Structure formats: C-alpha cells, structure tokens
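A structural walkthrough
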Amino acid sequence: SITSTKKLHNGIEMPRFGLGVYKMTEPEEAFNAIKKALDTGYIAVDTAALYGNEKQVGEAVRASGKRREEIFITSKVWNTDQGYDETLRAFEKTLKELDTDYLDLYLTHWPVPDKFMDTYRAIERLYEEKLIQVPGVSNHEIHHLEKIFAQANIQPMVNQVELHPYLTQEELRQFCQKHDIAITAWSPLGRGEVLKDETIRAIGEKYDKSIAQTIIRWHLQSDHIVIPKSVTPSRIEENAEIFDFELSHEDMKAIDGLNRDQRFGSHPDHFN
Ligand code: NAD
C-alpha cells in the first residue's frame, strides 16, 4: 500500500513512496501540492534547503491533521553550507523552517570535494543527538562511500541518486545493497523525459496503467524508494495508484534493458 515501508540498517521503517518537491518555488503551489499528497495518503515528503519550501512542508503537515510522527520528512544540506559547523547551523535553520524538533532523514545534498566527509560527521553527530532518525547522503558514488566507510563511526543508511529506466546504476546499486544502504531514486521519471518511452507505454497498457504508473511500479519492484514530483492534483493521485498491480518478471527485464546511462542531472564528480 501507499504506506508500505523499507526497513533501514538501524531498523527505522522508511516509506517506499513519497512526494518530491523540487522546483515548487511558489509558496502556495508548494503548500497545495504537499497538502494534496498528504490528503491522498502519502506519508513521506522529500525536500531540501535548496528547494526553498521547507516552511510549506511543515505547514502542510500541520494542516493535514496528521501527527508529526506519521509523516517521514527528508531534507538535505546544500553545497554552500557544507563543513562540520556549517552543517550543524544549516540543520538548525532547516528545523526552524519546518517548525519541527527532529528530521526523519538528513542528507548531504552533493559530495562537495574536501567537505563531504566533515558534512557527514556533522550528520553523524545529529544522529547521535537523536535530532535525526536516519543519517544519509545523496549523489555519492562508490568512491565517496568508501571514504565514509573508512572514516565514519556510523554508516550512511540511504543514498539518494538519479535513477530511472535510462540510468539504472547497476554497479552503485549492487555496492549499496552489499552495505545495506537503501537507494532512493531521484528524477524517477527522468524529469518527465522517460514518459515519452513507447516500450514502457506499451507495457503499461497491458495492465491498464499509465506510463508514469508503470515506471513508478518498476522502481518499487526494483527495491528503490521512489519520490516522483508533481504539482497537478490528478497526477499526484495517479502516481500513487501503483499498489494494485504487479509487473511480470519479463516486463521488469524489458524495462531494465532500456538503460543507456543517460543522466538528466549532473554527474556527482562534475557538479558546480
Ligand atoms: P521526476 O522524475 O519526478 O519528474 C517530474 C516531472 O514529471 C513533473 O514535473 C511533471 O512534469 C512530470 N510528471 C509527474 N507525474 C506525471 C504524470 N503522472 N503524468 C505526466 N507527467 C508527470 O523529476 P524530479 O522532480 O527531478 O525528481 C523527483 C524528486 O527527486 C524531486 O522533486 C526532488 O525531491 C528529488 N531530487 C533530488 C535531487 C538530488 O540531488 N538529491 C535532484 C533532483 C531531484
């Protein structure tokens, strides 16, 4: 169901499905989309300091009438705030914006060279102080994770990376699986670009499902946590109607086969 979870390394249950809120910059648009998702039954929201809408996430959670503990909130420390003390300060601001006293999951947004290790150490401290339930990272390649494994006391439990049928990240996924790091797929629909794929459309038709639903279902069956973004109420509902069908092994393989190592976002070794 829409509330199904994945057990993380420390036993915390993370919702497998949530709303991504990147580029919802207009406050009313953000509030309305998040509120709509929570009313539809979503129990997870993926935001970041960069997105400028943490305040609206907090407001929508309170307006939903749900208790804070019923909603899983993820946020991220932006690149210009990285470093140990800087991250602790950025986290304080994030909590203030959200108007909450803890975060479910806090991530290093991108592995800023020479800083991501100190950033992660601060995230570790926030975890030890019980201000976050789960420590994690985003856009970390195997070599970044190996550095963290060599130096950290507590391992990252989630890595959020660009992942969709055109970029299946086989090697990174295997590494993460081996180390019990859950994968969250960002741009799960390829920023909308994969929605033009005729092969996936044809597969979805067999199940009476839209192409967006077919892609999101492929993520779930691949054991990815998935956070599609939409501000359109009908699509927010559509994207959640994915728990009443199952793609066959053959159809899963056909979608896996569409990989072309194509990124719509930056490469983690070359971002600015
Ligand atoms: P996405 O792959 O979720 O695609 C979103 C776009 O697809 C929408 O803008 C809309 O145009 C379209 N769409 C959505 N549902 C649809 C439907 N049912 N029918 C037709 N069109 C539909 O793209 P995204 O927003 O880039 O990624 C999702 C989330 O991932 C973000 O909102 C953010 O939370 C996260 N993210 C994280 C990072 C990172 O660096 N950690 C980077 C990018 C995104």
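Anyway, here's the lowdown on the structure attached to this text. One numbering rule holds for all chains: residues counted from 1, following each sequence as written. With the structure being a predicted model, the display of local features is reserved for residues of pLDDT at least 70 and the display and counting of side-chain atom pairs for 80 or more, all residues being used for whole-chain, interface and lining totals.

1. Focus on the environment of I211
Numbering of helices and strands starts at the N terminus; helices are DSSP runs of H or I of at least 4 residues and strands are runs of E of at least 2. Its location among the elements puts I211 in helix 8 (residues 211–221). C-alpha of I211 to C-alpha of I236: the two residues are 25 residues apart in sequence and 14 Å apart in space. Not counting residues within four places of it along the chain, the set of residues in contact with I211 comprises L195, D197, I200, R201 and G204. For every residue pair, C-beta atoms are placed from the backbone, and the pair is scored as a contact if these atoms sit within 7 Å.

2. What to know about the sheet that holds strand 10 (residues 225–226)
Pairing is parallel in the open sheet, where eight strands are placed in the order 3-4-5-6-7-8-9-10. Each edge of the open sheet is held by one strand with a lone partner, namely strand 3 (19–20) and strand 10. In short, DSSP must find at least two bridges between two strands for them to pair. The pairing of strand 3 with strand 4 (residues 44–46) spans two bridges and is classified as parallel. Bridged to L19 within strand 4 is V45. Angles shown run from 0 to 180 degrees and are taken between the N-to-C directions of axes, each axis being a line fitted to C-alpha atoms and, for helices, limited to the stretch in contact. Here helix 3 (residues 84–98) sits on the sheet and contacts strand 5 (72–77) and strand 6 (103–108); the angle it forms with strand 5, its principal contact strand, is near 140 degrees.

3. Focus on helix 3
Over its 15 residues, helix 3 runs 21 Å from end to end, which matches the ideal 21 Å to within 8%, given 1.5 Å per residue. Along helix 3, the positions that sit buried rather than exposed are T87, A90, F91, T94, L95 and L98. One face of helix 3 carries all of its buried residues, which in axial projection span an arc of 140 degrees. Within helix 3, the exposed residues directed more than 90 degrees away from the buried face are D85, E92 and K96. Here the buried face of helix 3 lies against helix 2 (54–63), strand 5, strand 6 and helix 4 (116–128). Phi turns positive one or two residues past the end of helix 3, at D99, with a value near 55 degrees. The length a helix should cover is 1.5 Å for every residue beyond the first. For every residue, the other C-beta atoms within 10 Å of its own C-beta are counted; 20 or more classify it as buried, 12 or fewer as exposed, and values in between as partly exposed. C-beta atoms are placed from the backbone. Arc definition: directions from the helix axis to the C-beta atoms.

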